[in-house]
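Commentary on secondary and tertiary structure
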Amino acid sequence: MAFPTTRLRRLRRTAELRNMVAETRLTPDAFVYPMFVCPGEGVRKEVRSMPGVFNLSVDEAVKEAEQVYSLGVPSVILFGLPDKKDEVATGAWAENGIVQQAARAMKREVPGLVLMGDVCLCEYMSHGHCGIVKAAPGPQSLGAAARDVVVVNGDKGKKQAIEKLANRMQPEYEIVNDASLELLARTSVSLAKAGIDIIAPSDMMDGRVAAIRKALDEAGLINTPILSYAAKFASGFYGPFREAADSAPQFGDRRSYQMDGANVREAMREIAADVEEGADMIMVKPAMPYLDVIATARERFDLPLAAYQVSGEYSMIEAAARNGWIERERVMMESLLSIRRAGASVILTYYAKEAAKLC
Ligand SMILES: [Zn+2]
């Protein structure tokens, strides 16, 4: 039946009608609130590039967790800023690591809150990469190769030739996959023992879900679920997070382990691999630039599906709202609704507390 019998505007006439026929709804119990725990006491330091988001010492983080839970948000995910970094990510798996301390305190004070623990090594490694770094046995260093460049056009020509060469050359280091698995597994067991309810590996090493599952089971932690950051893309939208978690790589980038933004079929292979290895829940990250990946994953897989509205998504909205270019609350809710509509049933978002008040 076509117009004029069909008039789609009939059901849009009032707020009540629109609400009745809404296909997608946001509820606070879909939200997970990310938190950054740092050493000290009474510390509440705002992240410059993420207004409204703080580095919190354990005592302050507990207060924040109480507030989050009282708003109906059932879960937080914890990231740690250790006081020391090294080459084996000691702070990630130490019994008295910063996240382990926070988890114990939160379990004691807010027992109902579901604690997720991000499992990665970058925040705890002096080089800022997500795995163990080894010098690659390259055939020739850039410096040596550059000496071979024939100068054809003075300094300018030489500079261009060297740049071209650098783009073609293999990096002089390697993020070692298999050796990193042991540290990730050790971290997971340590976090679960400290009270973390859901282990969430975000490193993107191959085989880490299986390694973590095996280690958890061997430690008797058979009931601890794994939420894998299964399709995590190498993204410019992570920029502000690196300040929040002090986790910027000191050299190179993460493109050799995080996914290429061009690939949705490969994302499905990543997810399938993690499911095969024993993931209980899966995640797509970032959210808004990858809504098609969320939708495709929702169709293909039956596991609970999470999406991470990352720091850059948050900070763009904050910055535009501060300039008066967009309506802050409206865009915040619309962005979350779009992620829900694409198919994510769990949303990790810095807006968890505020959005909970509005849904
Ligand atoms: Zn990492």
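Please read all numbers here as calculations on a predicted model, not as lab measurements.

1. So, the overall build of the protein chain
Within the protein chain, the secondary structure is distributed over 14 helices and 12 strands. A principal-axis box enclosing the C-alpha atoms of the protein chain has dimensions of 75 × 55 × 40 Å. Taking all contacts inside the protein chain whose residues are at least 6 apart in sequence as the whole, residues at least 24 apart take part in 75%. Accessible area for the protein chain stands at about 17,700 Å²; split by element, carbon and sulfur atoms hold 51% of it. The centroid of the 44 positive side-chain charges in the protein chain is displaced by 6 Å from the centroid of its 47 negative side-chain charges.

2. Topic: the coordination of the zinc ion
Protein-derived ligands of the zinc ion are Cys120 (SG), Cys122 (SG) and Cys130 (SG), with the metal-ligand distances lying across 2.2 to 2.3 Å. Coordination of the zinc ion draws on donor residues from a single chain, spaced C-x1-C-x7-C in sequence. With a gap of 10 residues between them, Cys120 in the loop between β5 (114–119) and β6 (132–135) and Cys130 in the loop between β5 and β6 connect regions that are remote in the sequence.

3. Comments concerning the pairing of strand β9 (residues 227–232)
The buried fraction of β9 amounts to six of the six residues, a majority that puts the element mostly inside the structure. Examined bridge by bridge, β9 and strand β10 (residues 281–285) share four bridges and lie parallel to one another. Bridging across to β10, Leu227 finds its partner in Met281.

4. Section: the packing of aromatic side chains
Following the criterion strictly, the structure yields 10 aromatic pairs and no others. For the pair Phe79 and Phe241, a centre-to-centre distance of 5.1 Å together with 80 degrees between the ring planes defines the contact as edge-to-face. With Phe79 in strand β4 (residues 75–80) and Phe241 in helix α9 (residues 239–244), this pair connects stretches of sequence that are 162 residues apart. Accessibility expressed as a relative area gives 11% for Phe241, which makes it buried. For the pair Phe233 and Tyr290, a centre-to-centre distance of 4.1 Å together with 15 degrees between the ring planes defines the contact as stacked. In this pair, Phe233 sits in the loop between β9 and α9 while Tyr290 sits in the loop between β10 and α11 (291–300), placing the two residues 57 residues apart along the sequence.

5. A word on the layout of surface pockets
Taken as a whole, the largest pocket encloses approximately 180 Å³ of empty space. For the lining of the largest pocket, a count of residues per class yields five nonpolar, three polar and four charged.

6. Considering a positive patch on the surface
There is a patch of like positive charges on the surface, built from Arg7, Arg9, Arg10 and Arg12. You can see Arg12 is positioned in the segment before α1 (15–20). In this structure Arg12 comes out as partly exposed when scored by relative accessible area, which is 49%.

About the thresholds
- Residues numbered from 1 in each chain as written.
- Predicted model: local features only at pLDDT ≥ 70, side-chain atom pairs only at ≥ 80, totals over all residues.
- Heavy atoms only, no water.
- Helix = DSSP H or I, 4+ residues; strand = E, 2+ residues; numbered from the N terminus.
- Contact = heavy atoms within 4.5 Å.
- Areas by Shrake-Rupley, 256 points an atom, 1.4 Å probe, with all protein chains shown as cover.
- Lys, Arg positive; Asp, Glu negative; His and termini not counted.
- Charge placed at Lys NZ, Arg CZ, Asp CG, Glu CD.
- Donors = N, O, S within 2.8 Å, 3.2 Å for Na, K, Ca; no water.
- Buried < 20%, exposed > 50% of the residue type's maximum accessible area, 1.4 Å probe, protein only.
- Pairing = 2+ DSSP bridges.
- Phe/Tyr/Trp six-rings, centres within 6.5 Å; stacked < 30°, edge-to-face > 60°.
- 1 Å grid on protein atoms, 1.4 Å probe; cavity = no way out; pocket = protein on both sides within 12 Å on 5 of 7 lines; lining within 4 Å.
- Points joined across faces, edges and corners; volume = space filled by probe spheres on them.
- Nonpolar A, V, L, I, M, F, W, Y, C, P; charged D, E, K, R; others polar.
- Patch = residues over 30% accessible without salt bridge, like charges linked within 9 Å, V, L, I, M, F, W, Y side chains within 5 Å.
- Salt bridge = Lys/Arg side-chain N within 4 Å of Asp/Glu carboxyl O.

The values are spatial; any link to function lies outside them.
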